[in-house]
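# Overview (structure and organization)
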Amino acid sequence: MSGPHMPEADAATLKKREEIVADMRIIVPGEGVVAVENEMRAFESDGLTAYRQLPLVVVLPETVAQVSRILKYCHERNIRVVPRGSGTSLSGGALPLADAVLLVMSRFNRILEIDFENRAVVAQPGVTNLGITNAVEQEGFYYAPDPSSQIACSIGGNVAENSGGVHCLKYGLTANNILGIEMVLMTGEVIRLGGKHLDAEGYDLLGLMTGSEGLLGVVTEVTVRILKKPETARALLIGFPSSEEAGQCVADIIGAGIIPGGMEMMDKPAIHAAEDFVQVGYPLDVEALLIVELDGPQAEVDHLIARVEEIARKNGATTSRVSNSDEERQAFWAGRKAAFPAVGRISPDYYCMDGTIPRKELPRVLAGMRALSEKYGLSVANVFHAGDGNLHPLILYDANKPGELEKAEDFGADILRLCVEVGGVLTGEHGVGVEKRDLMPEMFTEDDLNQQIRVKCAFDPNHLLNPGKMFPQLHRCAELGRMHIHRGQMPFPELERF
């Protein structure tokens, strides 16, 4: 496997592979176990396709009882487990391990309950994000978080990564739209957190699980909040002669107290790629494009459109176009949501980054990315959630050229360091995974990381769930707090580190 160093495979587990596969077939009969090498190739990577690794075995359970038995079996035998949803993770969060059971939740694909009275949907984790909206839209409802991969990504994966989307500025991330979950612990125990009620007493374990990247448990059921579609929604396409002016316009719109339903930004390479792909009429003579959606009562929307256009003019906007129908509004968004595959038409490969910054730092960070682009000799196309500062730079490279992948990774790491330097964070919605794991010390002290690992230890003391993800150094739970180097000697030399 290429890519970051991962935990060494356990030789004892590898020797027992045939026995483990046979036992998995007993727990999940029929076609729920994939153990042939060629058939497992479909699961060797997730959305971060630069890294690949065949798992020990792939298991696709269909019931909570099967998930419980699998985890209990692995816990008793000290076998690692990597949970996987739809495999769209862009941070390597679902990257398999050679000695781990890959627990694929795609067969949990049913909506269990639609409760319009309580504005909630109960779904299994394999239901797609868009599938929830499709199930309720006939009654005028929708599910607000809408990542670009919403046609394919699963709601369970959204919980694992705390996914957002173009409408997260006003309506929030997964964390703001999830009401409850059922989950299975590594021991096989099944617990419930939250529910349809507004709040739960005690510790906010539901908040802890949202964004936990498969390190704490396996989600088997999700209850989400659905919203009534707004009376009116219109979108503006606003072009600017520079990304800095577009960035300042974003800051001024928010500073004026206007919270759009969505506010996205694309630079010139991304604009041209998207327009070639979907042909919706994006202006091609501008350096940056803002898509601003305003929703609510018609009178309010009309008033806010006028205010946004005035702010845009003050920031040097050269073009402005307002959607006149819902079909046209959706066409505006179609280009933005197709931006990632569209960029694939102009470069053999691209590396999609994910960092978040304070909005006011947008012009500075865009200028910094241009300087880094010159330093590394690689182009970058910018597509991002401008309203909440969640950046998605797409670094263009050719993996067939020796050294270009490594150069792209170094470029990306420097972008993330810049995000932290200006007061931002390493990720917004893609998660840490293996991609940003070794950058965690850029943002957190050793004490910070140790405290996070203590939480991991409370749920999974043997580090069997998704090891090698998120934390840059593996500690046994018993040794936490004792990692001091004395006269150059590292304690516990037998402890595996990566």
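In this report, the structure presented in the accompanying data block is examined. (Residues numbered from 1 in each chain as written. Predicted model: local features only at pLDDT ≥ 70, side-chain atom pairs only at ≥ 80, totals over all residues. Heavy atoms only, no water.)

### Side note on the overall build of the chain
If you tally the helices and strands in the chain, you get 17 helices and 20 strands. Scaling as 2.2 N^0.38, a compact globule of 498 residues should have a C-alpha radius of gyration of about 23 Å, and the chain matches this with 23 Å. Summarising its shape, the C-alpha atoms of the chain cover approximately 65 × 60 × 45 Å along the three principal directions. Considering the chain as a whole, with its 498 residues, one finds that 56% of them fall into the buried category. Of all intrachain contacts in the chain linking residues separated by at least 6 positions in sequence, the fraction that spans at least 24 positions is 71%. Accessible surface, the chain as shown: approximately 20,700 Å² in total, 49% of it carbon and sulfur. (Helix = DSSP H or I, 4+ residues; strand = E, 2+ residues; numbered from the N terminus. Rg over C-alpha atoms; globule rule 2.2 N^0.38 Å. Buried < 20%, exposed > 50% of the residue type's maximum accessible area, 1.4 Å probe, protein only. Contact = heavy atoms within 4.5 Å. Areas by Shrake-Rupley, 256 points an atom, 1.4 Å probe, with all protein chains shown as cover.)

### Side note on the nonpolar core
Counting residues in hydrophobic clusters, the biggest one holds 98 residues, and the most contacted among them are Ile181, Met265, Leu290, Val292, Leu294 and Ile395. Per-element tally for this core: the top contributor is helix α15 (residues 404–421), with 9 residues. Look past the residues within four positions of Leu290 in its chain and what remains in contact with it is Leu236, Leu237, Ile238, Phe240, Ala246, Cys249, Val250, Glu264, Met265 and Ala386. Core analysis: the next-biggest nonpolar cluster, separate from the first, contains 26 residues, Ile20, Leu71, Val101 and Leu465 among them. (Core = buried A, V, L, I, M, F, W, Y, C linked by side-chain atoms within 4.5 Å.)

### Remarks on helix α11 (residues 298–314)
Every α-helical turn comprises 3.6 residues, leaving residues that sit three or four positions apart pointing alike. With 17 residues, α11 should cover 24 Å at 1.5 Å per step; its first-to-last C-alpha distance of 25 Å lies within 8% of that length. Those residues of α11 not exposed but buried are Val301, Leu304, Ile305, Val308, Ile311 and Ala312. Seen end-on, α11 carries its buried residues on one side only, within an arc spanning 135 degrees. Exposed residues on α11 whose side chains face more than 90 degrees from its buried face are Ala299, Arg313 and Lys314. Close packing links the buried residues of α11 with β12 (232–240), α9 (243–255), β14 (288–296) and β15 (319–322). Of the residues one or two after α11, Gly316 is the one with positive phi, at around 90 degrees. (Expected span 1.5 Å × (residues − 1). Arc of directions from axis to C-beta.)

### Considerations on the environment of Glu442
Tracing the backbone shows Glu442 in helix α16 (residues 440–443). When the C-alpha atoms of Glu442 and Lys469 are compared, they prove to be 16 Å apart, with 27 residues separating the residues in sequence. Setting aside chain neighbours within four positions, we find Glu442 in contact with Arg417 and Val420.

### Observations regarding the sheet that holds strand β1 (residues 33–34)
Spatially, the 4 strands line up as an open sheet ordered β1-β2-β4-β3, and their pairing is mixed. The sheet is open, and its two edges are formed by β1 and β3 (80–84), each paired on a single side. Of the pairings in the sheet, the one linking β1 to strand β2 (residues 57–59) comprises 2 bridges and is antiparallel in character. If you follow Val34 over to β2, its bridge partner there is Val58. Across the face of the sheet, helix α4 (residues 64–76) comes into contact with β2, β3 and β4 (100–104) while running at roughly 165 degrees to β4. (Pairing = 2+ DSSP bridges. Axes fitted to C-alpha atoms, helices over the stretch in contact; angles between N-to-C directions.)

### A short note on the pattern of salt bridges
Evaluation of the coordinates by the stated rule reveals 30 salt bridges. Between Glu37 and Arg41 there is a salt bridge; the shortest N-O distance is 2.9 Å. Taking relative accessible area as the criterion, Glu37 reaches 44% and is therefore assigned partly exposed. Of the residues examined, Arg41 reaches a relative accessible area of 38% and is grouped as partly exposed. Residue Lys360 pairs with Glu361 through a salt bridge whose shortest N-O separation is 3.9 Å. With relative accessibility at 14%, the residue Glu361 sits in the buried group. Because the salt bridges share partners, they merge into one network encompassing Glu37, Arg41, Glu44 and Arg52. (Salt bridge = Lys/Arg side-chain N within 4 Å of Asp/Glu carboxyl O.)

### Regarding unusual backbone geometry
Look at Gln279: it is not a glycine, yet its phi comes out positive at around 50 degrees. In this structure, Gln279 sits in the loop between α10 (268–278) and β14. Relative accessible area serves as the criterion here: at 63%, Gln279 is assigned to the exposed category. A positive phi angle, close to 55 degrees, is found at His463, a residue other than glycine. Locating His463 in the fold gives a position in the segment after α17 (446–459). With a relative accessible area of 10%, His463 lands in the buried category.

### Here's the deal with the sheet that holds strand β9 (residues 190–194)
Strands sit in the order β5-β6-β10-β8-β9 across an open sheet of 5 strands; the sheet is antiparallel. Looking along the sheet, the strands with just one partner apiece sit at the ends: β5 (111–115) and β9. Going across the sheet, the axis of each strand differs from the next one's by a mean of 10 degrees, ignoring polarity. Direction of pairing for strand β8 (residues 178–184) relative to β9: antiparallel, over a ladder of 5 bridges. By the bridge assignment, Ile181 is partnered in β9 with Leu193. Taken strand by strand, α4 contacts β8, β9 and β10 (218–225), and its axis lies near 55 degrees from that of β8. Contacts between helix α5 (residues 129–136) and the sheet are confined to β5, β6 (120–123) and β10, with β5 contributing the most and set at about 45 degrees to the helix.

### Thoughts on the packing of helix α2 (residues 17–27) against α4
Two elements in contact, α2 and α4, have axes separated by 10 Å at closest approach and are oriented at 155 degrees. Considering the angle they form, α2 stands roughly antiparallel to α4. When the axes of α2 and α4 are compared, the crossing they make is right-handed. Contacts from Glu19, Ile20, Asp23, Met24, Ile26 and Ile27 in α2 reach Gln66, Arg69, Ile70 and Tyr73 in α4. Of the residues that constitute the contact of α2 with α4, the class distribution is 6 nonpolar, 1 polar and 3 charged. (Parallel < 35°, antiparallel > 145°, perpendicular 65-115°, else oblique. Left-handed = near helix turned anticlockwise from the far one by under 90°. Nonpolar A, V, L, I, M, F, W, Y, C, P; charged D, E, K, R; others polar.)

### Section: the packing of aromatic side chains
Counting across every chain of the model gives 3 aromatic pairs. Considering the side-chain rings of Tyr142 and Tyr171, the 6.4 Å spacing of their centres and the 85 degrees angle between planes classify their relative orientation as edge-to-face. Taken together, the positions of Tyr142 in strand β7 (residues 141–142) and Tyr171 in helix α7 (residues 168–171) put the pair 29 residues apart, joining distant regions of the chain. Residues Tyr376 and Phe411 carry aromatic rings whose centres are separated by 5.4 Å and whose planes lie at 10 degrees to one another, so their mutual orientation is stacked. With Tyr376 in helix α14 (residues 362–376) and Phe411 in helix α15, the pair connects residues that are 35 residues apart, well separated along the chain. (Phe/Tyr/Trp six-rings, centres within 6.5 Å; stacked < 30°, edge-to-face > 60°.)

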